[in-house]
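Chains, contacts and geometry: an overview
The lines below spell out each chain.
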Amino acid sequence: MTDPNTLSPLDLETPDKTFLDTNELVINMGPQHPATHGVLRVILRLDGEKVLGLECVIGYLHRGVEKIGENRTYTMFNPYVDRMDYVAAVSNGLGYCETVEKLLSVEAPPRAQYIRVILTELNRMASHQLWLGTHALDIGAITPLFYTFRDREEILKIFEKYCGARLTTHAFRIGGLQYEAYDGFEKDVKNFVDFVKPKIDEYEELLTTNRIWLERTKGVGVISGKDCVALGVTGPVLRASGVKWDIRKALPYANYKNFDFEIPVGQNGDTYDRYIVRMAEFRQSLRIIEQAVEGIPAGPIMAKVPKVMKPPVGEVYHSIEAPKGELGYFIVSDGSTQPYRVRVRPPSFVNLQALDVMCRGQLVADVIAVIGTLDIVLGEVDR
Amino acid sequence: MNPVVTNPPITNPPVATPFFFYLLAATMIIGGILVITRKNAIHSAMALITALLAQAGLYLMLYAPFVAGVQIILYAGGIMVLFLFVIMLINLERNMKERQFNKQWLVGIVAAAALGGLFITVYTTATRGKPLFPEGRVIYADGQNTQAIAALLFDRSTGQYMFAFEIASLLLLVAIIGAVVMAKKRI
Amino acid sequence: MNEFLQQYVFSYLDTKGLTPGGAGNIFWATVYILLVFGGLSVAVIAMNWLERKILAHMQVRLGPMRVGPHGLLQPIADAIKLLLKEDIIPAEADKIIFWIAPFIVVLAAFTVFVVVPFGPTHAITDMNIGILFMLGVSSLSVLGIVTAGWASNSHYPLIGALRSSAQMVSYEVAMGLAVVSAIMMTSLETGTGTLSMIGIVQAQQAQGVWFVFKFFPLGLIAFGMFAIAMVAETNRAPFDLPEAESELTAGFHTEYSGFRWSLFFLAEYSAMIAVSSIAVTLWLGGWLRPFPGVHGPSIAIPHIWPPADPAAPTGALDFVFALCPGISFLLLGAMCFYNVQRMPKHPLFKIQTMGLAGFGAVLGLIGLIMFLPPVRDRVEDIFWFSAKVAGFMYLYIWYRGTFPRYRFDQLMKVGWKVLLPTGLALLILTAIVGMHADLWAQITGGGQ
């Protein structure tokens, strides 16, 4: 019997000639499935209960965002980026605005950058809370979902007070912010930090030492650091496999240099380590928010940006550390008001490649746990 | 030799014994006939379960509640579940199209009738005037069946079946291990 | 004829210490059957509501609130919906088997209640193989599940059914071992053990201790083993992979809709109550009140205490515990009235508020009735038994809200590699300790 770990995804359709066991099964986890976090279709090739290989069929949520970008001005395209990773819309906006700022060679004023960092870290927490709830739900713990969503409401309330929207916030503008931080913004954020610290302990109490959680997540979906780097996987998945790479520290942007925080790193690269890394990221985000909210400088919130933006001809690639990984924007400008090409490097799309490697040799019930632990959002995968 | 336990007289005489006996016996016979006449193997298995449950009822009427309970647990709840698993996992499409009875059914009926006649002859002539079923059967009052079986197995003075019991369980153990070894692909 | 009937009916009431089945009285046996059946149906309906409410409160939400005050009429609405739903049968399904499968499961789940002892004579009958009968008939439900999966004529329900039944069969072994170690404890004082359910509780009464505390920690471990195995036996969380929604195999009852599905659901709750009854009878003292051996000083209050039965204990502690049924119903009524005054004062809520007040009044009335001596003496045993089973139901719901799901191979590993060796070791230890009970008493310093 051939070693299933050496099958490449391209061999999925042709049956292996030395494979004598006829107990193979090809199962479709259809686009509509309670556990695939969106419209993801996964074709599994099984030997009884073991997964031999899988293939993801994506594109069910493709809306042509990148093509739309070629026909909108830079400012008009800003709301579209929120809709890609709709769970962490603020990060998407940050990435896009910073990329265009790089293209225009302007920098947002310090006050705007501090507020941007606060909102982005809040959004990182909200995204991780959603991840935790849905991941636990897939594995069978039905209660943490409600706790995390209840606490996520507080973050969404802050967003709503700031820019009027909870989910697709369109919070940032090219060159800074449009809205000044509302009266009581700092107080709200400080109250939130105090409110959520015991809640994170509550989540950990329910799951971290739970014997059933440990059995379901330890040793499941292992991927080595080398494989991660080879596939281009980034974010908590990469850090849980032992590679200490975070763009906020490696290629700092938006004044992250001013803040003191750590990068949590795992060892084994299994689902449990990814869980621990993301739980630790909760606390690090809180640290950043605390430091940021203490020292918001006074000043303007918008840099000098021309009303009609015609960036010089050229191309720029800029990436940020979104909650799900490295979110990159590659914008080619041909001197006109509309970009020639906007290419988004979504973290979930690249991370999804790792699904095949992670699921080889696992059981069918683990596939769902692994999809959950990769934290993919189909809006980002398909754009 | 069965130990005869002297018991207090039965305080609750059984109710409607002939009715229940005929009911249970009829259920068994009908169940048995359905087993061999149904084409669908699952239907046959269900009919067999009914027959086994009726047999448990007959054991109850013979004042052997322990045996009845064990019959339900082992036969109906264990062995028949195994039968059903096997039937469901094997493709029986081909069997369902076969004829139920083969061409030699006339010979079969003649043979069965001859055997039945032999049984009746033996029973009626062998007893030679004594009643057909001896009165010397033991009736245990409530609560003694389990104890009597335990006495047969474990009691020092009357227990003589312990060795046979252990040998039988060893046999079962060997069968289980053999099945596991044959079914596992890799140890 | 009239006199014969009267004599037949009242003759049972004069017999002491016999269940209707034991006395051979068909009329009273039928009455008891109807009572148990009715009580079980009410319990299943209450479980439906309780599960949704308790699970919701654990998940920081409210649960059903609209259909009746605080959702109290929700189970009725669910029942009506299920009855009125279209009955869909898959195209190629085997119709006879499709019809029979829920029937078998319900039959198995309800028949076990024939021997469940709510009191020393409050059982339909007392078979001398009571516990064996219960274990055997509850194992018949596996047949129903397997045939249900088969009859759906679809790949996934068949896999789900086979998994469910494999899980149930595996955990029956662990259950059986725990049960045997408890049965062994019944033989300690008298020299002969008993399989009869009423006999087991009477053995606990004679030894003055619940078996869960006997030979500490052996009784406790046996109880723990059974508590885990019974959750797996009834396919409930955390062992509910075969019927979970977010998995690939959708469970054996996928193709059943409407009334047939409600039969499975009814059978699942009944099975939960049945195995909880076994656990309560074997380890938690059945109908015995807490601390059955401690009586306190004998007191006498005219017209109220001691009870009419001269054989009943008359201690002060007995009196305090005898008040518990009435007090608990009064508490429930008080909770209802507390929620009545919390209801919104809007005209649209008038009917709900009145309904809740009426419900609270009924509960309070039942509580007051339970203080009357004749009712109190008869109801006490049933109350304690039901309270303990209700505690188990709460545990079931708590497990569902807290634990993630075990993967199927981990589930089987727990059943065969953890519970089975523990059960065997426990069995041997209990036997050894039981045979040398005096030695054990010396070692543990006079404890039991």
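Residues numbered from 1 in each chain as written. Chains lettered and ligands numbered in written order. Predicted model: local features only at pLDDT ≥ 70, side-chain atom pairs only at ≥ 80, totals over all residues.

Attention shifts here to the overall build of chain A. Counting its secondary structure elements, chain A contains 15 helices and 8 strands. For 383 residues, the compact-globule formula gives about 21 Å, and the C-alpha radius of gyration of chain A, at 21 Å, lands near that figure. Counting only residues that meet the buried cut, chain A has 49% of its 383 residues in that class. Here the contacts in chain A between residues at least 6 apart in sequence split such that 71% fall between residues at least 24 apart. (Helix = DSSP H or I, 4+ residues; strand = E, 2+ residues; numbered from the N terminus. Rg over C-alpha atoms; globule rule 2.2 N^0.38 Å. Buried ≥ 20, exposed ≤ 12 C-beta atoms within 10 Å, placed from the backbone. Contact = placed C-beta atoms within 7 Å.)

Before going further, it helps to examine the confidence of the model for chain C. Residue and element names in this part refer to chain C. Considering every residue of chain C, the mean pLDDT works out to 85; 95% of them sit at 70 or more. Across chain C, element-level confidence peaks in helix 10 (residues 218-233) with a mean pLDDT of 92 and bottoms out in helix 2 (residues 20-23) with 70. Here the prediction assigns the complex a pTM of 0.86, and the interface score ipTM is 0.82. (pLDDT = per-residue confidence, 0-100.)

As a measure of interface size, the accessible area lost when the parts come together is often cited. At the interface, 23 residues of chain B touch 28 residues of chain C. The set of elements that each furnish at least two residues to the side of chain B that touches chain C consists of helix 2 (41-61), helix 3 (65-89) and helix 6 (145-154) of chain B. Residue contributions to the side of chain B that touches chain C peak at 12 residues, all from helix 3 of chain B. By residue class, the composition of the side of chain B that touches chain C is 14 nonpolar, 8 polar and 1 charged. (Nonpolar A, V, L, I, M, F, W, Y, C, P; charged D, E, K, R; others polar.)

Once that is clear, we can look at the interface of chain C and chain A. Taken together, the contact pairs 22 residues of chain C with 23 residues of chain A. Put simply, the parts of the chain that give the side of chain C that touches chain A at least two residues each are helix 15 (373-402) and helix 16 (408-435) of chain C. Element by element, the count of residues in the side of chain C that touches chain A is highest for helix 16 of chain C, at 3 residues. Its residues placed into classes, the side of chain C that touches chain A shows 11 nonpolar, 5 polar and 6 charged.

How two helices pack is summed up by the angle between their axes together with the distance between the axes. At a minimum axis distance of 10 Å, the contact between helix 3 of chain B and helix 7 (residues 141-151) of chain C shows a crossing angle of 10 degrees. Compared by their axis directions, helix 3 of chain B and helix 7 of chain C come out roughly parallel. On helix 7 of chain C, the residues touching Gly77, Met80, Val81, Leu84 and Met88 of chain B of helix 3 of chain B are Val142, Leu143, Val146 and Trp150 of chain C. (Axes fitted to C-alpha atoms, helices over the stretch in contact; angles between N-to-C directions. Parallel < 35°, antiparallel > 145°, perpendicular 65-115°, else oblique.)

All names here are of chain C. Domain boundaries in chain C define domain 1 (24-84) and domain 2 (94-117 + 126-288 + 407-443). Inter-centroid distance (C-alpha atoms) of domain 1 to domain 2 is 23 Å. Each partner contributes to the interface: domain 1 provides 7 residues, whereas domain 2 provides 9 residues. Mapped onto the side of domain 1 that touches domain 2, the elements with two or more residues apiece are helix 3 (26-58) and helix 4 (74-84). For the side of domain 1 that touches domain 2, the per-class residue count stands at 7 nonpolar, no polar and no charged. (Domains from an automatic or database assignment.)

So, on to the sheet that holds strand 3 (residues 50-57) of chain A. Residues and elements named next belong to chain A. Spatially, the 3 strands line up as an open sheet ordered 1-2-3, and their pairing is antiparallel. Two strands lie at the open edges of the sheet, namely strand 1 (24-29) and strand 3, each paired on one side alone. For this sheet, the mean inter-axis angle between neighbouring strands, taken without regard to orientation, is 20 degrees. Bridge count for strand 1 against strand 2 (residues 41-47) is 6 bridges, and the pairing is antiparallel. Within strand 2, the position partnered with asparagine 28 by the bridge is isoleucine 43. (Pairing = 2+ DSSP bridges.)

Another point: the nonpolar core. Ranked by size, the top nonpolar core spans 237 residues in total, and within it Ile118 of chain A together with Ala178, Met225, Phe226, Ala229 and Ala279 of chain C carry the most contacts. Among all residues touching alanine 279 of chain C, those that are not within four sequence positions of it are Phe223, Phe226, Ala227, Met230, Leu284 and Phe392 of chain C. (Core = buried A, V, L, I, M, F, W, Y, C linked by C-beta atoms within 7 Å.)

What follows is about unusual backbone geometry. All names here are of chain A. In this structure, alanine 254 takes a positive phi of about 50 degrees despite not being glycine. Among the structural elements, alanine 254 can be located in the loop between helix 10 (247-250) and helix 11 (271-294). Looking at alanine 254, the number of C-beta atoms within 10 Å reads 20, which means it is buried.

So, on to the domain arrangement of chain A. Residues and elements named next belong to chain A. Domain boundaries assigned for chain A yield domain 1 (4-57) and domain 2 (65-382). One C-alpha centre belongs to domain 1, the other to domain 2; they are set 30 Å apart. Facing 17 residues of domain 1, the contacting portion of domain 2 comprises 17 residues. Of all the secondary-structure elements, those providing two or more residues to the side of domain 1 that touches domain 2 are strand 2 and strand 3.

This brings us to the sheet that holds strand 7 (residues 325-333) of chain A. All names here are of chain A. Taken in spatial order, the 3 strands of this open sheet run 6-7-8, and their pairing is antiparallel. Each end of this open sheet is capped by a strand with a single partner; those strands are strand 6 (314-322) and strand 8 (341-345). Taken pair by pair, the neighbouring strands of this sheet meet at an average axis angle of 15 degrees, ignoring direction. As paired elements, strand 6 and strand 7 share 9 bridges and run antiparallel to each other. Each bridged residue has a counterpart across the sheet, and for histidine 318 the counterpart in strand 7 is tyrosine 329. The strands touched by helix 3 (residues 89-104) are strand 6 and strand 7; relative to strand 6, the strand with the most contacts, the crossing angle is about 150 degrees.

Residues and elements named next belong to chain A. Of all 9 residues that make up strand 7, 7 are buried, and the element is covered over most of its length. Between the antiparallel neighbours strand 6 and strand 7 lie 2 residues. Where strand 7 meets strand 8, 5 bridges bridge the pair, whose relative direction is antiparallel. The partner of glycine 328 across the bridge, within strand 8, is arginine 345.

A few words now on the environment of tyrosine 329 of chain A. Residue and element names in this part refer to chain A. Looking at where tyrosine 329 falls in the secondary structure, it is placed in strand 7. Tyrosine 329 gets classed as buried once you count the C-beta atoms within 10 Å, which come to 25. When the C-alpha positions of tyrosine 329 and arginine 211 are compared, they lie 42 Å apart, and in sequence the two are 118 residues distant. With residues up to four places along the chain from it excluded, the contact list for tyrosine 329 reads Gly95, Tyr96, Thr99, His318, Val342 and Val344.

So, about the confidence of the model for chain A. Of the residues in chain A, 93% reach a pLDDT of 70 or more, and the chain-wide mean stands at 87. Note on residues 10-21 of chain A: pLDDT is under 50 here. Beyond four places in sequence and across chains, it has 8 contacts.

Here the focus is the packing of helix 11 (residues 259-283) of chain C against helix 15 of chain C. Residue and element names in this part refer to chain C. Packing of helix 11 against helix 15 leaves a shortest axis separation of 9 Å and a crossing angle of 120 degrees. In terms of orientation, helix 11 lies oblique with respect to helix 15. Of the two elements, helix 11 crosses helix 15, and the hand of that crossing is right-handed. Seen from helix 11, the contacting residues are Met272, Ile273, Ser276, Ser277, Ala279 and Val280; seen from helix 15, they are Phe385, Lys388, Val389, Phe392, Met393 and Tyr396. Residues of the contact of helix 11 with helix 15, tallied by class, amount to 9 nonpolar, 2 polar and 1 charged. (Left-handed = near helix turned anticlockwise from the far one by under 90°.)

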